[in-house]
Amino acid sequence: MIDKTTPQTPPVNEPTQTTAKQKRAPLSLQAKIWRSIKLYTRILVYVPLVLLMLFAVLIGTPFGSKVTVVLVNQFVNDITAHYHSGTLNNDLKLDQLTWSMPGISVAAQDVELNWLPTCLINSQVCVSNLSASKLSVDIVTDDIPHSAQSEEAIAPEQPSHQELLLPITISLNKAQFKQVDVTVNQMTFHADELATEAIWNESGLQVDRLSSLGLMVNIPTNPTPNQQEPEDDTSENNWPLASLPQIHMPFPLKVKQFEATQSQLIIGERIDHFSLIRLGASFRAFQLSISQLDIEHDYGDVTVIGDLAFEQHYPLTLKLQANIKDVAELPGLTNHSLRLELTQDLSQLNINAIAKGDNRFNLAATVDLTSAQLAYQLELNDAYLQWPMLQPQYMTQIKQLTSKGDLHDQIAKLQGQLTTPYHPNLDIVADIDNRNKTLKVNQLSVKSIAGNIDLDGQLSYKNNLNWQANVITNDIKLQHIDYLTQSTPMTSLFSGRFTSQGIVSKNDWQLAIEQADLSGRLNGYPLNLQGNITINQALAVNADNLQAHALGAHLIVNGTADTIWDIDAELNVPDLKQWLKGGRGSIYAKVDVSGNSANPIVDVDAQINKLSYSGSKIDNVSLVANYRPYEQHRYSIDIKNSLLFWNNYKLSDLTLHSDGDQYLQQTTLTTLGDIVINSQLASTSDLDKQLFKGTLTQFNMTNALGMWQQDNPITINWDQLKQSGNLSRFCLVHPHNKLCLVNDISLGHTGQANINFSGNPGQLLAPILSKKIIWDGQAALTSEVNWAKGKKPTADLQFTLMPGNITLTRAKTNPVSIDYQQLLLHASLDEKKVTSSLSFNSSGIANWQSQLSVNITPDRVLQGNIDINELNLAPFGEFFPRLATLEGLLSSRLTLNGSLMDPRVSGNIKLSCR
């Protein structure tokens, strides 16, 4: 029996359960707060401290900086750097640094960077030094990716023109780069050295100093293969200055001092050298202010100051002063100065210019550059211009020139003087109006010591060219015009008037002189011109008793060219010496035009009697010609001369006959006397295409050297439009010699000719040599001549005498026989000089070697040498009768130098007795 009131013993694990319950009891609020404070305190202290320590290691130690550079190479695209020494925060040096993106690549060598990280506390980036030994930048604009936003989406947006404000200040105390190369598409830029100091803060970018040495800008002008030439369009819609873009500088820019020394600008093949460029300027918003711009060029120096706004029509105020020292393209343009002031804007640009020097002027003008019409107004005063600059021949002095208008219509008034080599000083007053493609001359008055001329009229060039002019002359004295009296002295005094009219179109033309009435005296003879005459493209002449008398000659033209042509013209010159200085003889010519308008016939009969001039004489020459212009230009012409003395030659008879039309022609020429010629030429032509082809079927010539004749017909072709043609190969054959054109020749800008000779020159020259000289021996000549457009011709010639003999006889009993083995002459011509060499070998006479060269440049430099080895004088003694004997051996070694104008010979000559 169990006593239920007896207490039970507790389980063995009861104390353990009680302890666990006590441990799982929740913490108090105070304990939780304290625990959190300790945790976050550790995080806020240790984590930044660790990051700061890592950052300090990365930028403040060489090892960390090197690791950082390696990490950049590994994880940053398009950047490559090679660490050399230093730390990121002080004096970092990189062997190489490159960066690239599509269209842009940058590479630098030996980069040094020194900056102050503490400046970041004050929101500044302070770079104390930045340098590189080589910097290359390559930009290809077509490869640069465009923004994804379409042009249509951004077109309506208006620029805000807000200034760019940097959140920090960037200062660069010193930057220096060497061997800088920048390429932008086809343009290249190079500088041996670039150095700068600048700061960019809330006031903008200020460049305290920027300098360059050896700056070169190369801009090629060759268009790309697929590039089309721009069309010539001056309409308002395509005029580039009609809508000027606004150029806004997003931040203020100020350049205190820019200096470039030894700079070059290359545009195409032109090279300009600038010894010094200085610039001081500022650019804020739209306003560019230039406080200093000095340029020193090989031609001179230029100074520019002023302001220019890149908005609206670009209002400006600029002053330019230029001093010209020497211009290579204009020899003689030295010691000139130009002062230029530009005001207003490009829609009403005011120009005031003053030039001083041998050429000088004062110019005040206004021009609208924003319109394709270029409306202008100008006034030119006190102008003196001369050309060429050295030893001027053309000089003009403009007292006043006023003009206004545009590219299509202009009016101008001029008062000035003009002097040229062809006439005396002219005083000119002109009032000209050019409108609607019609030039109207209200007044043109020319006065000089040679007389006065007044002209008025108009010239229209709208569709065809036609004009009408009234001319009045007063006291014309030709003796004061040196150009007219150089060959034939003349004195005159005449006055009068005439009217000229005319028209020239694509297919037709007509010229008329009407109401002519000139009278006076010329070289003491009466001078008068009266009547009316008109002539057109069909050579139709309408003359109303046109009579002209001058220097004893008389011309009468009368008749009409209408349904029936009936024109008579007669010229009689009884004394030719009045017209040709040193000439004598008389001329009579008569021209008759008859027939109907569909087939007029022109007959010409002319006689020249007892003509002599410059040593040449003609006893009588008759010309008979017939021409039918509407029968395919059918013609016939006969020229006969009974006696001709020319250049010491006498021709007892000369006959030339030619007939044909515009397609086929036949021409023969025969002569008798000192030169006997028999020749026949058959030719064809095409006047529309301007083509000509001729074949010389016969050519025989006999003179003192014997008879020469062609071996084959000689053909020539010529294209007048292309200025080219060809001549066939041929030979002229002599009984003992032959002269040949070896190859067909291309006539024109480029070609080559080979001419050879072979035969016995002694037998050829025997008729003209002394009877005391007998020469026998073969010879050969080869030559080549080349020519090309824009180049000097070149040539090569070689002449060879094969073994032969020359016999010299002074008396029948004392002949001298000279045997020679060889003579070799070689000469060549190139673009710089002429060279020649001569080698002669004769047993018992001499051995001769010589070389000679002469420059074809203006200096004509001469160089050469002559070597003679034992020239035997004995054979030549027979030709010096006053010498009892002439014997000995002559040797020499001579050197030639100097020039053709001043040759110099040095060396030695040795004479020894045998």
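As the structure is a prediction and not an experimental result, all values here were calculated from the model. Sequence order sets the numbering: in each chain, residues are counted from 1 along the sequence as written. Reporting in this predicted model follows two pLDDT cut-offs: at least 70 for local features of residues, and 80 or more for side-chain atom pairs to be given and counted; totals over whole chains, interfaces and linings ignore these cut-offs and use all residues. As a rule here, side-chain values come from all non-hydrogen atoms in the structure, and water together with hydrogens is ignored.

Mapped onto the secondary structure, P793 falls in the loop between β47 (773–787) and β48 (794–809). Sequence separation between P793 and T750 is 43 residues; the distance between their C-alpha atoms is 9.7 Å. We call two residues in contact when some of their heavy atoms are within 4.5 Å. P793 has contacts with N786, W787, L829 and D830, leaving out every residue within four places of it along the chain. Numbering of helices and strands runs from the N terminus; a helix is a DSSP stretch of H or I covering at least four residues, while a strand is a stretch of E covering at least two.

Before going further, it helps to spend a moment on the packing of aromatic side chains. Working definition: rings of Phe, Tyr and Trp (its six-membered ring) pair if their centres are within 6.5 Å, and the pair is stacked with planes under 30 degrees apart, edge-to-face with planes over 60 apart, and tilted otherwise. Across all of its chains, the model carries four aromatic pairs by this definition. Aromatic pair W200 and F251: ring centres 4.5 Å apart, planes at 40°, arrangement tilted. In this pair, W200 is assigned in strand β7 (residues 187–201) and F251 in strand β10 (residues 249–267), connecting sequence segments 51 residues apart. For the pair formed by W200 and F251, the shared burial category is buried. Geometrically, the ring pair formed by F310 and Y314 is edge-to-face, given 5.3 Å between the ring centres and 80° between the ring planes. There is no split in this pair, since F310 and Y314 are both buried. Only protein chains enter the accessibility calculation, which uses a 1.4 Å probe. A residue is then buried if its area is under 20% of the maximum for its type, exposed if over 50%, and partly exposed in between.

On the secondary structure map, L539 appears in the loop between β27 (525–536) and β28 (541–550). Between the C-alpha atom of L539 and that of P629, which follows or precedes it by 90 residues, the distance is 9.0 Å.

A few words now on the nonpolar core. The biggest cluster of nonpolar side chains holds 31 residues, and the ones touching the most others in it are L342 and I351. The contact partners of L342, leaving out residues within four places of it in the chain, are L316, T317, L318, L349, N350 and I351. Among buried residues, those of type Ala, Val, Leu, Ile, Met, Phe, Trp, Tyr and Cys that are joined through side-chain atoms within 4.5 Å constitute a nonpolar core.

It is worth spelling out the pattern of salt bridges at this point. Put simply, a salt bridge is a Lys or Arg side-chain nitrogen that is within 4 Å of an Asp or Glu carboxyl oxygen. Evaluation of the coordinates by the stated rule reveals eleven salt bridges. Residue D433 pairs with R435 through a salt bridge whose shortest N-O separation is 3.1 Å. Judged by its relative accessible area of 17%, D433 falls in the buried class. Overall, R435 belongs to the partly exposed group, its relative accessible area being 47%.

Take the environment of G759 next. The residue G759 is located in strand β46 (residues 751–759) in this model. Distance from G759 to H734, taken between C-alpha atoms, is 8.9 Å for residues 25 residues apart in sequence.

Once that is clear, we can look at a nonpolar patch on the surface. Patches were defined on residues exceeding 30% relative accessible area and lacking a salt bridge, with like-charge contacts within 9 Å and nonpolar side-chain contacts (Val, Leu, Ile, Met, Phe, Trp, Tyr) within 5 Å. Computed with a 1.4 Å probe, the accessible areas rest on the Shrake-Rupley method; for each residue, only the protein chains presented here act as cover. A contiguous nonpolar surface patch, about 570 Å² in accessible area, is contributed by L330, W387, Y394, Y422, Y483 and L484. Topologically, L330 is positioned in the loop between β14 (316–326) and β15 (334–345).

So, on to the side chain of S492. Within the secondary structure layout, S492 lies in strand β25 (residues 492–504). Whenever a nitrogen or oxygen atom comes within 3.5 Å of another N or O atom, the pair is scored as a polar contact, on the condition that within protein one atom can donate a hydrogen and the other can accept it, and that pairs from neighbouring residues in sequence are kept only if both atoms are in side chains. Here the side chain of S492 touches L478 through a polar contact of 2.9 Å, landing on its backbone nitrogen. Not counting chain neighbours up to four residues away, the residues in contact with S492 comprise I476, K477, L478, Q479, R521 and L522.

Glancing now at the state of the cysteines. Count a disulfide wherever a pair of cysteine sulfur atoms falls within 2.5 Å. Summed over the entire model, instances satisfying the criterion amount to one disulfide. Between the sulfur atoms of C731 and its disulfide partner C740 the distance amounts to 2.0 Å. Since a negative S-S torsion denotes a left-handed disulfide, the C731-C740 link at about 110° is right-handed. Neither residue differs from the other here; C731 and C740 are each classed as buried.

If a probe as big as a water molecule is rolled over the atoms, it shows which places are left empty. Points on a 1 Å grid, built from protein atoms alone, make a cavity when a 1.4 Å probe fits but cannot get out and make a pocket when they are open with protein on both sides within 12 Å along at least 5 of 7 lines; residues with an atom within 4 Å of a point are the lining residues. Grid points are joined across faces, edges and corners, and a volume is the space filled by probe spheres set on the points. Roughly 250 Å³ of internal volume is contained in the largest pocket. Lining of the largest pocket is provided by 14 residues; of these, L478, L522, L527, A550 and W579 occupy positions nearest its centre. Contributions of two or more residues to the lining of the largest pocket are made by β26 (509–522), β27 and β28. Lys, Arg, Asp and Glu make up the charged group, whereas Ala, Val, Leu, Ile, Met, Phe, Trp, Tyr, Cys and Pro make up the nonpolar group; the residues left over, Gly among them, are polar. A per-class count over the lining of the largest pocket returns eleven nonpolar, three polar and no charged.

Strands were regarded as paired on the criterion that DSSP finds at least two bridges between them. Here β28 runs beside strand β29 (residues 553–561); their pairing, made up of six bridges, is antiparallel. Residue pairing across strands places Q547 opposite I556, the latter belonging to β29. The turn linking β28 back onto β29 is made up of two residues, and L551 within it adopts a positive phi angle of 55°. With eight bridges connecting them, β29 and strand β30 (residues 564–573) associate as antiparallel partners. Across the sheet, residue G559 finds its bridge partner in β30, namely I567.

Here we come to the side chain of N641. Tracing the backbone through its elements, the reader meets N641 in strand β34 (residues 634–641). For N641, the residues in contact, after removing those within four places along its chain, are I618, D619, N620, V621, S652, D653 and L654.

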